[in-house]
Amino acid sequence: MALNFPFTAIVSQAEMKLAIILCTIDPSIGGVLIFGDRGTGKSTTIRSLASLLPEMKSVAACHYHCDPDSSNLCTDCLAKKASGQKLSSQLISVPVVDLPLGATEDRVVGALDIEKALTQGIKSFEPGLLAKANRGYLYIDEVNLLEDHLVDLLIDVAASGENIIEREGLSIRHPARFVLIGSGNPEEGELRPQMLDRFGLSIEVRTPTDFKERVSIIKKRDEFERNPEQFIAQCQEEELELKKKISKSKKMLDKVEVDDSLLELATKLCAHLGTDGLRGELTVLRAVRALAAYEGKKKANLEHLKKIAPIALGHRLRRNPLDDSSSNVRIERAMQEFFADTSK
């Protein structure tokens, strides 16, 4: 099993790390899209996420990690429950599943178990990546290069929270709720607007320009690759501290207050930016609440809104054919105008 670089050892890229942490505290934020230069630690940061996630309760031997306390169960668990069987539970690691670019549709949604059909003559379902990612994280590297039919499929499943398979005489329906995390290089292709809108937060990362930071990054990476076990052991204490802080923030989340005046300001900001629909406001609400919880505050404030707005709304800006500035520049400019007007 490959060892992952520790999350806490990642140098710089504070905005990217914060976005991932916020989605861990509140998965309903809707996931993170990370676009930027190659070799800036996007995949490394996402793969290091697994070590920060607390264990979760799951129905024992369930392919879909059903929550025994939930009513949203797969057909197998529902059948067991209907027959009066008690659903035994176990603690498991939260799944972080990679969806490779070359994956077939069968691999993603699941298919007939050919081996069992040929050797035993039994027609049974072999769960795909969406089943493995249920209640966890689905990571797509180079998401902007994903084939269109898989993008359509993911949009449907992300919207409904269910994966429905009708093929080879099989009719299967199972829960498929996951946090979508994507990364890519915008120079290699754009992401379809429908898919872009499915990500709660969006981050642009750039190659660090500070030489001391660059030296620190290459030294840590070299140290990790020469002796990964020792490097991970050195970071264990910091990793544990961050894990505890995330668990504490999750417990505190429902107690954080977001008052109407802050929400009103968020809606006016969205209107000023011209974002479509209300998904932007909803994401801002959830993300400022998660940020306040992460900082140990009982009430979200204006500073939280100013910190969250660029990453929650930047990818929702309408295109302006007369302005070729990046979304970061455009949202920074729009926010300066907006908050200058509201302070008068």
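Please refer to the structure higher up on the page.
Residue numbering note: each chain is counted from 1, following its sequence as written. pLDDT decides what is reported in this predicted model: residues at 70 or higher carry local features, side-chain atom pairs at 80 or more are listed and counted, and totals for whole chains, interfaces and linings draw on all residues regardless. Side-chain numbers come from the whole structure's heavy atoms, not from hydrogens or water.

S.K.: Looking at this structure, I do not really get the packing of helix H12 (residues 279-294) against helix H13 (residues 302-313). What am I missing?
M.R.: A pair of packed helices can be characterised by two numbers: the angle between their axes and the separation between those axes. Only the stretch in contact is used when fitting a helix axis, every axis being a line fitted to C-alpha atoms; angles between N-to-C directions are given from 0 to 180 degrees. Segments assigned H or I by DSSP are reported as helices when at least four residues long, segments assigned E as strands when at least two residues long, and all are numbered from the N terminus. Where H12 meets H13, the axes come as close as 9 Å, and the angle between the chain directions of the two elements is 135°. Overall, the two elements H12 and H13 adopt an arrangement that is oblique. Taken as a pair, H12 and H13 cross one another with a handedness that is right-handed. For the pair H12 and H13, the contacting residues are Gly280, Thr283, Val284, Ala287, Val288, Leu291 and Ala292 in the first and His304, Leu305, Lys307, Ile308, Ala312 and Leu313 in the second. Should an angle fall under 35 degrees it is called roughly parallel, over 145 degrees roughly antiparallel, and 65 to 115 degrees roughly perpendicular, with every other angle called oblique. Rotating anticlockwise by less than a right angle from the far helix to the near helix defines a left-handed crossing, while the corresponding clockwise rotation defines a right-handed one. The contact rule is simple, with two residues in contact once any of their heavy atoms fall within 4.5 Å.

S.K.: What is the right way to look at the sheet that holds strand S4 (residues 96-98) in this model?
M.R.: When DSSP finds two or more bridges between a pair of strands, those strands are recorded as paired. On the basis of which strands lie adjacent, the open sheet formed by five strands has the order S4-S7-S10-S1-S11 and parallel pairing. What marks the edges here is a single partner per strand, and that holds for S4 and strand S11 (201-205). Strand after strand, the sheet turns through a mean of 15° between neighbouring axes, direction not considered. Bridge count between strand S1 (residues 32-36) and strand S10 (residues 179-184): four bridges; the pairing is parallel. Across the sheet, residue Leu33 finds its bridge partner in S10, namely Gly182.

S.K.: Would you take a moment to explain the pairing of S10 for this structure?
M.R.: It is a general feature of regular strands that their side chains alternate between the two faces of the sheet. Each residue is placed in one exposure class: buried if its accessible area under a 1.4 Å probe, protein chains only, is under 20% of its type's maximum, exposed if it is over 50%, and partly exposed if it falls in between. By the criterion of burial, S10 is predominantly enclosed, with six of the six residues buried. Here S10 shows no split at all, with Val179, Ile181 and Ser183 on one side and Leu180, Gly182 and Gly184 on the other all buried. Bridge count between strand S7 (residues 137-141) and S10: five bridges; the pairing is parallel. Residue Asp141 lies in a different strand from S10, and its bridge partner there is Ser183.

S.K.: Sorry, what's going on with the packing of helix H11 (residues 260-273) against H13 here?
M.R.: Packing of H11 against H13 leaves a shortest axis separation of 11 Å and a crossing angle of 35°. H13 is crossed by H11, and the crossing has right-handed handedness. Taking contact as the criterion, the partners of Leu262, Leu265, Ala266, Leu269, Cys270 and Leu273 in H11 are, on H13, Leu302, Leu305, Ala309 and Leu313. Partitioning the contact of H11 with H13 into residue classes produces 10 nonpolar, no polar and no charged. Gly is placed with the polar residues, together with every amino acid not listed as nonpolar (Ala, Val, Leu, Ile, Met, Phe, Trp, Tyr, Cys and Pro) or charged (Asp, Glu, Lys and Arg).

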